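# Observations on chain architecture
Each chain, written out:
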Amino acid sequence: IKTCFLQNMTTMLSLLGGNENTEQEYQKCRTTIERLKQSIKAKTGNMKLNALKTTAASNLKTKQALQKDGLFALRPSAEFKVRRKLPGHFGKIYALHWSVNNEELLSASQDGKLLIWNANSTNKHLAIPLQCAWVMTCAYSPCQRLVASGGLDNLCTIFNLREDTVDVNRSYRELQRHEGYVSCCRFMNKNQIVTGSGDASLILWDIDKATALQQFCHFGDVQSLAINPTNKNLFVSGSIDAMAKVWDIRQGNNSVATFQGGHDSDINCVEWFPDGKAFVSGSDDTSALLFDMTAYSQLNQYRDEGILASVTSVGFSRSGYYLMVGYDEEPFCLAWNTMTAAKEAQLEHPARCSCLQIAPNGHAIATGCWDRILRVWA
């Protein structure tokens, strides 16, 4: 039985107190939990869940009274255009990841291939066949020597790109311990990677030894994780338990911060703000929420009554001015103003925008679509 299940059972048993009439005690616990939720909601009902938007509106009026110019509006507004199209996959694209050199792009598709592209020339450098075509995630290492993938085979598979003779048919390491699908993976450094799984856990791995170093637990399937850009010991994860948790690998398997109550449904994606002090989460409830670590609260929300699609992916521009959000239905991909929560632009796609990421230098945006084409925007 996996560690997370044991921890959850231990907590439940302590709540039940060993009473034989467990069903009755369980219902009492549920009633207490619901009462506490309602009490918290009542006390926090007047709190500003979009403080940034309110502040921006107030400052904008003041600024406009002094100048004819807007404080938080670009003049003119930016226009996002497709600069490159990368056709080559024969199945739906599920994941992509930029290399730190800002040129190479890794993509994963249900055609059973990992492809490494030159985003400038649109040429394919390498095609890596996967043992399992049902891939869900991919990652490029900071040293540019390794790439990783994971999916429904419950494995995180590592490939070495810098050997004298690259054998794409043979994996470098296979990290096997998860009891559910591997939904996300990200390298922390050249020898450590974090994986998230449908078994409600995340694992920090030593790649060379192919061993698990630490395990972290949610109460539902883990869907996404992101490494802090300024402190590589921190990462945030999102789960179908509607909670986003921040972890510090130096603090063991207890989260240093837990954000819940903002989303009404599964969290599908998370991403850090460029300064590493805040992060955004996207959910099946059609919204993206911005949380601040210092204030330990929600700062803004990005939603529209006319949008009924689930959020699939999120990412910030390098300055933090734009929040890019991908959706599984119309409008497929939007650029929001991070401060005002206003829709700035739409990035046209013909089908589900399953993944997106901004290049490390901030000069381009890559999106993956179910029409089997990668697009590079600027």
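Going by the structure above, here's the rest.
Quick caveat: nothing in here was measured; it's all calculated off a predicted structure. (Residues numbered from 1 in each chain as written. Predicted model: local features only at pLDDT ≥ 70, side-chain atom pairs only at ≥ 80, totals over all residues. Heavy atoms only, no water.)

## Considering the sheet that holds strand S7 (residues 146-151)
Within the open sheet, the four strands sit side by side as S6-S7-S8-S9. Their pairing is antiparallel. Of all the strands in the sheet, just strand S6 (135-140) and strand S9 (173-176) have a single pairing partner and so form its edges. Between one strand axis and the next, the sheet turns by 20 degrees as a mean value, whatever way the strands run. The sheet contact formed by strand S8 (residues 155-160) and S9 spans four bridges and is antiparallel. Counted as the bridge partner of Leu155 is Gln176 from S9. (Pairing = 2+ DSSP bridges. Helix = DSSP H or I, 4+ residues; strand = E, 2+ residues; numbered from the N terminus. Axes fitted to C-alpha atoms, helices over the stretch in contact; angles between N-to-C directions.)

## Observations concerning the pattern of salt bridges
Here the structure, examined in full by the defined rule, presents five salt bridges. Between Arg30 and Glu34 there is a salt bridge; the shortest N-O distance is 3.7 Å. Note that Arg30 and Glu34 are positioned in helix H2 (residues 22-44) at a spacing of four residues, about one turn of the helix. The partly exposed category is assigned to Arg30, whose relative accessible area is 34%. Notably, a salt bridge pairs Arg375 with Asp371, separated by 2.7 Å at the nearest N-O pair. Accessibility expressed as a relative area gives 5% for Arg375, which makes it buried. A residue is classified by how much of its surface remains accessible, and Asp371, at 23% relative accessible area, is partly exposed. (Salt bridge = Lys/Arg side-chain N within 4 Å of Asp/Glu carboxyl O. Buried < 20%, exposed > 50% of the residue type's maximum accessible area, 1.4 Å probe, protein only.)

## What to know about the nonpolar core
Within soluble globular proteins, side chains that are nonpolar tend to cluster in buried spots. One finds Tyr302, Val314, Leu323, Val325, Tyr327 and Trp336 to be the most contacted residues of the largest nonpolar core, which totals 19 residues. Breaking this core down by element, the ones donating at least two residues are strand S19 (278-283), strand S20 (288-292), strand S21 (297-302), strand S22 (311-316), strand S23 (322-327) and strand S24 (333-337). (Core = buried A, V, L, I, M, F, W, Y, C linked by side-chain atoms within 4.5 Å.)

## Thoughts on the sheet that holds strand S27 (residues 365-369)
Strand order across the open sheet formed by four strands is S1-S28-S27-S26, with antiparallel pairing between neighbours. One side of each edge strand has no neighbouring strand; the edge strands of this open sheet are strand S1 (82-87) and strand S26 (353-358). Each strand of the sheet is rotated relative to its neighbour by a mean of 20 degrees, with strand direction disregarded. One ladder, built from five bridges, connects S1 with strand S28 (residues 373-377); its direction is antiparallel. Of the residues in S28, the one forming a bridge with Leu86 is Leu374.

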